[in-house]
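Chains, contacts and geometry: an overview
What follows is each chain in one-letter form.
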Amino acid sequence: MSIESEHLSADNETRRRRFAADRSDETADPQWNQQSPRGGPRGLECDGVCGAHLHQEGLDGHSSLLCTSLPLSPSAPKYLCTQGSHSLHALDDEWVEVPCKTTISAENEVEAQKLANNYKFGFRKWKSHVTERPFEERSEVVKELYSELNVIKPHTGSLISCGNVFYVILFGWWLALVYILLSLVMFTTLIGIPYGKLCWNLSGYFLWPFGKSITKGVASDRRPKRKDAHTFTEDVEDNRGASTFLLPTPVEEIVEEPQPPLKTSHWKRVSTYVWLLLGYPVLVIFHSLGCLLSWLLVVTIPVAKMNARAVGSILLLPPEEVHISPVTEPQSGEDTALLCCNHAINGYYYKYTVDGINVFAVNLLPLVIIALVIGYVDKDNKFASSEVKFATAIGSIIPLSYYIGMGIASISAQSNFAVGAVVNATFGSIAEMTFYITALIRGHSQGNQCLQEIVKAALTGTLLGCILFIPGICMVIGGLRHREQRFNSRSAGVSSSLLFISIGGVFAPTMFSKAYGNLICEGCSSTGTNASTNTSGPYVCHNCHYDLGEKNSTMFHDHIEPLVYSVSALLPAAYIIGLIFTLKTHSHIYDIQVGDSNASGHLGAVVHWSRWRALFILIVATVLMSACADLTTEHIQPILSQPGISQYFIGVTVLAMVPEIPEIVNGIQFALQNNISLR
């Protein structure tokens, strides 16, 4: 017995030394100490803190699992998460159970609730923030994105760049031309000569605004003048013979010149209304056009801000108060910066959000209005073909999906788990449900079997996308950035089990009907006849389907139909059981703890959308989604009539993947932050 105990102690000592070496190697890894973004840690995720080391088999022949907590940088964690289970820690001859829990550190309680919901089954994963983040805590790159271009900053590097040259080619030359023409018009009115000079100066600015600034200052004849230095010197020389104690104190003196008579107010001048009648409306049109084009390009949003500030403030000021000067010149203390832009293009504007929604989704929102107008007004396809209506209707689903996702995340983050679970269950798959229900109703009313087959194909594509495509592309993209990705295997196992149950339930009636149904094909034609054997060639058939009608009516009503209704009742029950399993009976698998380090500092968080606003947007987006789905099913038939396009291809690819685009984008963003469990 003593020999065996000594042998066991030696094995334990060897394991401890090996584990200490592994631990030192991991902590020495520069990727481990790298600070993570706000969404989560860049290093190891759920299994990263609780690292499992599998050792050699012991004397009893069983493998042992060693779990410990690795040291983290104090500035690194946004998520410090481990498996929501209990691990075993080896101490000489006995095993001690150490709980491993997931800890989330967020800016405030609302964000912490949203992040916690991301880990739970049945809750839609959402990457964007649902609260306004403190501007002073953002990085300099993000601060530059949300700046209003009213701060004069000295430029670094050369101003002649590809983006600035692109601005001149796309915007600068025609804006400058408009200002030159308007300056000539204002000069001809005589009374509008000050505005003519302003337009002439602004033409040069908008042709090349980089390295220049526009400031608002008082008129030159109203500024107080300082006494010159040589005047003070002359006064000293005149008192040279006097005692030094009697000399005046060298204090800078401001000489107030006689004030000119007060001028007429800006809004009481005739020239102002001449300008508002002849010049300002024309510039509003052209600046609005430039603002719209630059906003749609996203990376040129600084140009959009520049056009907006010109229309909103600069062109409404008195012309004598608008000053244009290079950035290198010192500015007077009385001047207020109005506009300063050194770069026309910023590649980081893909991160820009408007009220919590990404700018790309905001730019696609007008597509919804276009789809509804041409779809319901132009019934006879006089102005737009069915193909165009189908494309706009299917494209309008993308921004609506973003708004639905933001609404779900906002309500779930501000409510308890029961309300969040109900909202996610109701609106989580509303995009797919609206299309499927609309297509089935239209297909039943028109007697069109094609729409039913499209629904089956789209449902199959959605399942395959959720199982294979979306996790696969997230793993690949995340693997390109991170050498190792970890996830919570127990939570993934629960989700996978429920997913396989749903797949089995969906395909069971179909497989049963295809196994016992009669294959019937219509429109069969022979490809040719063999003259030597006097036999016909192979047949090409169209619209093949399995018939469960006359001969198999008894089997359908006695076996298949009850199976369909049973599955339709069991699948929602399985979903509810999964929620109870996750949130109640086995909540330790998703054991989430909210850290108090940062949450206590922002208790008064300002949410982008309140619960009532989010609910209103959810209802409106759902109604618009159903209308767009109706237009999609109405105008899909001409697409299927095109040669080489199959109804199954359209269903599996386009109709299945377009509503999942927000989920794909969120999954990729989580994978880039090494949060593969959130996919």
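Residues numbered from 1 in each chain as written. Predicted model: local features only at pLDDT ≥ 70, side-chain atom pairs only at ≥ 80, totals over all residues. Heavy atoms only, no water.

As annotated in an unreviewed UniProt entry, the protein chain carries the name Low affinity vacuolar monovalent cation/H(+) antiporter isoform X3 and is attributed to Clupea harengus. Quoted verbatim from the Subcellular location (unreviewed entry) heading of the UniProt record, the comment on the protein chain is "Endomembrane system". (UniProt positions renumbered as here; feature names shortened; annotations may be inferred.)

Here we come to the overall build of the protein chain. Of the regular secondary structure elements, the protein chain holds 24 helices and 18 strands. Each of the 679 residues in the protein chain was classed as buried or not, and the buried ones make up 40%. Taking contacts inside the protein chain between residues at least 6 apart in sequence as the whole, the part at least 24 apart equals 75%. Approximately 36400 Å² of the protein chain is accessible, and the part contributed by carbon and sulfur atoms is 63%. (Helix = DSSP H or I, 4+ residues; strand = E, 2+ residues; numbered from the N terminus. Buried < 20%, exposed > 50% of the residue type's maximum accessible area, 1.4 Å probe, protein only. Contact = heavy atoms within 4.5 Å. Areas by Shrake-Rupley, 256 points an atom, 1.4 Å probe, with all protein chains shown as cover.)

A few words on the nonpolar core. In terms of nonpolar packing, the biggest core is built from 46 residues, with I454, I636 and L655 touching the most fellow members. Take this core: its biggest share by element is 13 residues, from helix α14 (residues 386–413). Contact partners of I454, with chain neighbours within four places excluded, come to F435, I636, L640, Q647, G651 and L655. With 34 residues, the next largest nonpolar core counts L149, W174, V178 and L198 among its residues. (Core = buried A, V, L, I, M, F, W, Y, C linked by side-chain atoms within 4.5 Å.)

All right, on to a nonpolar patch on the surface then. Side chains of W173, L177, L181, L184, F187, L190, I193 and L207 sit close together on the surface and give an oily, nonpolar patch of about 740 Å² of accessible area. Element by element, the count of residues in the nonpolar patch is highest for helix α6 (residues 162–188), at five residues. Positionally, L181 belongs in helix α6. (Patch = residues over 30% accessible without salt bridge, like charges linked within 9 Å, V, L, I, M, F, W, Y side chains within 5 Å. Salt bridge = Lys/Arg side-chain N within 4 Å of Asp/Glu carboxyl O.)

Moving on to α14. Think of an α-helix as turning once every 3.6 residues; residues three or four places apart then point the same way. With 28 residues, α14 extends 41 Å between its outermost C-alpha atoms, agreeing within 8% with the 40 Å of an ideal straight helix rising 1.5 Å per residue. Counted residue by residue, α14 has 25 buried out of 28 residues, so it is predominantly covered. (Expected span 1.5 Å × (residues − 1).)

This next bit is on the pattern of salt bridges. Using the criterion set out here, one finds six salt bridges in the structure. Across the pair E140 and K143 runs a salt bridge, and its minimum N-O distance is 3.9 Å. With E140 and K143 both in helix α5 (residues 140–145) and three residues apart, this pair spans about one turn of that helix. Across the salt bridge formed by E144 and K153, the nearest N and O atoms sit 3.0 Å from each other. K153 gets classed as partly exposed once you look at its relative accessible area, which sits at 39%.

So, on to the packing of helix α13 (residues 366–376) against helix α21 (residues 611–634). As a packed pair, α13 and α21 sit with axes 10 Å apart at the nearest point and diverge in direction by 50°. In this view, α13 runs oblique relative to α21, as classed from their interaxial angle. Crossing of α13 against α21: the hand is left-handed. Residues V368, A371, L372, G375 and Y376 of α13 form the contact with α21, whose own contacting residues are L624, A627, C628, D630 and L631. (Axes fitted to C-alpha atoms, helices over the stretch in contact; angles between N-to-C directions. Parallel < 35°, antiparallel > 145°, perpendicular 65-115°, else oblique. Left-handed = near helix turned anticlockwise from the far one by under 90°.)

In this structure the tally under the stated criterion is twelve aromatic pairs. Their ring planes at 10° and their centres at 4.9 Å tell us that Y195 and W275 sit as a pair that is stacked. With a gap of 80 residues between them, Y195 in helix α7 (residues 193–207) and W275 in helix α9 (residues 270–278) connect regions that are remote in the sequence. Both rings, one in F435 and one in Y436, keep their centres 5.9 Å apart while their planes meet at 65°; by these two values the pair is edge-to-face. When its relative accessible area of 13% is taken as the criterion, Y436 is described as buried. (Phe/Tyr/Trp six-rings, centres within 6.5 Å; stacked < 30°, edge-to-face > 60°.)

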